[in-house]
Amino acid sequence: MVFRITILCLVLLIIDIYAFQAIRTLVKLKWMLISYQAINFLLLFFILYSFTQFDRSVGQTKQTLFTMGLLLMVYLPKIIITLVLLGEDIFRIGAGSFNYFTNYDNGIEFLASRRKFVSQIGLGLAAVPFLSLIYGVTIGKYNYKVIKQRIYFPDLPDAFDGFKITHISDVHSGSFDNPEKINYAIDLINLQDSDMILFTGDIVNTKAKEMHPWIDSFNRIKKHEYGKYSVLGNHDYGEYVTWPTEKDKEDNFQAIKDLHGQIDFKLLLNEHKIIEKGTDKLAIVGVENWGNNFKKAGDINLASENLTKNDFKILMSHDPSHWDYEVQHHEKHFQLTLSGHTHGMQFGIEIPGYIKWSLAQYVYKQWAGLYENRGRFVYVNRGFGFHAYPGRVGIMPEITVLELKKSKKIA
């Protein structure tokens, strides 16, 4: 821990030195520079102190959320400044070296002075993430978007043509701090008037008690004619904290599973449910978490036992890496998989039809929205809540409405 804190301090110190150089080229009043340094020192001290107080037996708290948000707001803009000034330094050293070895001009110093306009560029670029992060923690984290997606299947049973599913994921109730906004989101869910609602995991950050203040709100989700089903996510197993005993961990896990019934969702644990509409049927298949880098409790073969390739199946699997590694090539042909997990990293740029970017795409091949391979689809929900960083920038909290449509078979 001490080594990590030392390395972090050194990195932050270098970033602070560069940021101060940019400030100093524009601000000449001594009292303002001293005030900047004092405030910066207090912020750094608070951030480092807060990280040293992290308790693995407790896990994420409002304090850790605040600290992470503050760290990003203070240092991400400074990193931008550092990169700009570092680029200038490389140029200054290169130009100085060229002049030194060629004796181009003996009258100038080896290292030229910083140019004011470069610092202005750095500060201007830094203002973009700074203002964006402020927006993310004040407005973005509750700026719910209803995204509607129509998906066509040649083998969809006729009676389910036009069937509507509301899909939510990654509630992370332990991060919530605004009942009014949560109730607004529940109202949005109810307004969709879907036939079914599916929830693909992470009801809490770690502990069942995080959901207790929000049970009444989520019980406001109206009954859907064809049911309310859910699965577990990686955070629902309580594996990111240290427990006093194994029994405490198991008790918490059982309490988390019980939460689903308390908000009137049927939790599917490596099992499936047949949905009938008229004389037609489809299967809702729910697996426990299966992640390439996370807990692998999901058993798709057990969950789909007695189902055939010809049955129309909707699979709920929290982590989209499951689809990438196993589901899309499975012999039973799972027509549609619903996932979440990535949150789109809660930070990115999305302009429909033009650009869709997030750091999540460098970790997950399927990270937000609809993907297809040989007639098998996966939809990755961007998440209902937030975790670690207490905000959202560019990648907004999502309520998905999927409409299943019958398409003609391709000859």
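You'll find the structure just up there.
From a predicted model like this one, the values you see are computed outputs, not experimental measurements. Counting restarts for each chain: residues are numbered from 1 in the order of the written sequence. pLDDT decides what is reported in this predicted model: residues at 70 or higher carry local features, side-chain atom pairs at 80 or more are listed and counted, and totals for whole chains, interfaces and linings draw on all residues regardless. Side-chain metrics rest on all non-hydrogen atoms present in the structure, leaving aside hydrogens and water.

Peer 1: Residues and numbers for the overall build of the chain, please.
Peer 2: Along its length, the chain carries nine helices and 14 strands. Based on the C-alpha atoms only, the size of the chain along its principal axes is roughly 90 × 55 × 35 Å. Classification of residues uses two cut-offs on accessible area relative to the type maximum, computed with a 1.4 Å probe and protein chains only: under 20% is buried, over 50% is exposed, and between them is partly exposed. Burial status across the chain gives 50% buried among its 411 residues. For the chain, contacts bridging at least 24 residues in sequence account for 76% of all contacts bridging at least 6. We count Lys and Arg on the positive side and Asp and Glu on the negative side, and we leave His and both chain ends out. Think of each charge as sitting on NZ of Lys, CZ of Arg, CG of Asp or CD of Glu. The distance from the centre of the 45 positive side-chain charges to the centre of the 42 negative ones in the chain is 5 Å. Only DSSP runs of H or I covering at least 4 residues are called helices, and only runs of E covering at least 2 are called strands; the numbering of each starts at the N terminus. Should any heavy atoms of two residues lie within 4.5 Å, those residues are considered in contact.

Peer 1: I'd like to hear about the sheet that holds strand β3 (residues 196-199), residue by residue, with values.
Peer 2: Two strands pair under a simple rule: DSSP has to find at least two bridges between them. Strand order in the open sheet made by the six strands is β1-β14-β2-β3-β4-β5, with mixed pairing throughout. Unpaired on one side and paired on the other, β1 (145-153) and β5 (266-267) mark the two borders of the sheet. Pairing between strand β2 (residues 163-168) and strand β14 (residues 398-406): five bridges, direction antiparallel. Looking at the pairing, Ile165 lines up with Leu402 of β14.

Peer 1: Please set out the packing of helix α2 (residues 30-52) against helix α3 (residues 62-102) residue by residue, giving values where relevant.
Peer 2: Fitting a line to C-alpha atoms yields each axis, with helices limited to the stretch in contact; the angle taken between N-to-C directions then spans 0 to 180 degrees. It is the contact of α2 with α3, at a shortest axis distance of 10 Å, that shows an interaxial angle of 140 degrees. Relative to α3, the element α2 lies oblique. Crossing of α2 over α3 shows left-handed handedness. Of the residues in α3, those touching α2 at Tyr36, Asn40, Leu43, Leu44, Phe46, Ile47, Ser50 and Phe51 are Gln63, Phe66, Thr67, Met68, Leu70, Leu71, Val74, Tyr75 and Lys78. Under the convention adopted here, Pro, Cys and the residues Ala, Val, Leu, Ile, Met, Phe, Trp and Tyr are nonpolar, Asp, Glu, Lys and Arg are charged, and Gly plus all remaining residues are polar. Residues belonging to the contact of α2 with α3 are distributed by class as follows: 12 nonpolar, four polar and one charged. Here the angle decides the label: under 35 degrees means roughly parallel, over 145 means roughly antiparallel, 65 to 115 means roughly perpendicular, and every other value means oblique. The crossing is said to be left-handed when, going from far helix to near helix, the turn is anticlockwise and less than a right angle, and right-handed when the turn is clockwise.

Peer 1: An account of the nonpolar core is needed here, citing residue identities and associated values.
Peer 2: The biggest cluster of nonpolar side chains holds 31 residues, and the ones touching the most others in it are Phe176, Met211, Phe218 and Phe384. If you tally residues by element for this core, the top one is helix α5 (residues 179-191), at five residues. Residue contacts for Phe176: discarding those within four places in its chain leaves Lys62, Tyr142, Val171, Ile182, Trp214, Phe218, Phe384, Gly385 and Phe386. The term nonpolar core refers to a set of buried residues drawn from Ala, Val, Leu, Ile, Met, Phe, Trp, Tyr and Cys, joined through side-chain atoms within 4.5 Å. Counting residues in each nonpolar core, the second largest holds 24 residues, with Phe153, Ile165, Val231 and Phe312 among its members.

Peer 1: Describe in detail helix α7 (residues 246-262), supporting the description with residues and values.
Peer 2: Expected span of a helix: the number of residues minus one, times 1.5 Å. Over its 17 residues, α7 runs 24 Å from end to end, which matches the ideal 24 Å to within 8%, given 1.5 Å per residue. Within α7, the full set of buried residues consists of Lys249, Asn252, Phe253, Ile256, Leu259 and His260. Considered in projection along α7, the buried side chains sweep an arc of 105 degrees and stay on one side of the axis. Looking at α7, the residues exposed on the side facing more than 90 degrees away from the buried face are Lys247 and Gly261. Residues of α7 that are buried make contact with β3, α6 (215-218), β4 (228-230) and β5. Immediately downstream of α7, the backbone of Asp264 shows phi near 70 degrees, a positive value. The arc under discussion is defined with respect to the helix axis, by the directions toward the C-beta atoms.

Peer 1: Pulling in residues and values, what's your account of the pairing of strand β7 (residues 280-286)?
Peer 2: The element β7 is largely enclosed, with a buried count of five among its seven residues. Where strand β6 (residues 271-277) lies against β7, seven bridges are found, and the strand directions are antiparallel. When the bridges of β7 are listed, Lys273 appears paired with Ile284. Turn length for the β6-β7 hairpin, with the two strands adjacent in sequence and antiparallel, is two residues, and the turn residue Gly278 shows positive phi of about 65 degrees. Bridging between β7 and strand β8 (residues 313-316) involves four bridges; their strand directions are parallel. Bridge pairing in β8 links Ile284 to Ile314.

Peer 1: Tell me about the pairing of β14, residues and numbers included.
Peer 2: Pairing of β1 with β14, which is carried by nine bridges, proceeds in the parallel orientation. What sits directly across from Lys148, in β14, is Val401.

Peer 1: I'd like a description of the side chain of His167, backed by residues and values.
Peer 2: Along the chain, the position of His167 falls in strand β2. For this analysis, a polar contact is any N or O atom pair within 3.5 Å, provided that within protein one partner can donate a hydrogen and the other can accept it, and provided that sequence-adjacent residues contribute only side-chain to side-chain pairs. One polar contact links His167 to Thr200, side chain to side chain, over a distance of 2.9 Å. Residues within four places of His167 in sequence aside, it is in contact with Leu198, Thr200, Leu338, Ser339, Tyr379, Asn381, Ile399, Thr400 and Leu402.

Peer 1: Give a detailed account of a nonpolar patch on the surface, specifying residues and quantitative values.
Peer 2: Where nonpolar side chains cluster on the molecular surface, the patch consists of Phe3, Ile7, Leu10, Val11, Leu13 and Ile17 and spans about 580 Å² of accessible area. For Phe3, the location among the structural elements is in helix α1 (residues 2-26). To count toward a patch, a residue needs a relative accessible area above 30% and no salt bridge. Like charges then connect within 9 Å, nonpolar side chains (Val, Leu, Ile, Met, Phe, Trp, Tyr) within 5 Å. Only the protein chains shown count as covering a residue, and every accessible area follows the Shrake-Rupley method with a 1.4 Å probe. Whenever a carboxyl oxygen of Asp or Glu lies within 4 Å of a side-chain nitrogen of Lys or Arg, that contact is scored as a salt bridge.

Peer 1: I'd like a rundown of the pattern of salt bridges, residues and numbers included.
Peer 2: A side chain of one charge can pair with a side chain of the opposite charge when the charged atoms of the two come close. Evaluated as defined, the whole model comprises 18 salt bridges. For Lys223, the salt bridge goes to Asp264, with nearest N and O atoms at 3.1 Å. Taken together, the positions of Lys223 in the loop between α6 and β4 and Asp264 in the loop between α7 and β5 put the pair 41 residues apart, joining distant regions of the chain. Taking relative accessible area as the criterion, Lys223 reaches 66% and is therefore assigned exposed. On the basis of relative accessibility, which here comes to 34%, the residue Asp264 falls in the partly exposed class. The shortest N-O distance in the salt bridge between Glu350 and Arg382 comes to 2.9 Å.

Peer 1: Help me get a handle on the sheet that holds strand β9 (residues 336-339), residues and values and all.
Peer 2: Strand order in the open sheet formed by six strands is β6-β7-β8-β9-β13-β12, and the pairing between neighbours is mixed. Looking at strand neighbours, the two that pair on one side only are β6 and β12 (369-373), the edges of this open sheet. Averaged over all neighbouring strand pairs, the angle between strand axes comes to 20 degrees, with direction disregarded. With four bridges joining them, β9 and strand β13 (residues 376-380) adopt parallel strand pairing. Looking at the pairing, Leu336 lines up with Phe377 of β13.

Just geometry here; none of it tells us what the structure is for.
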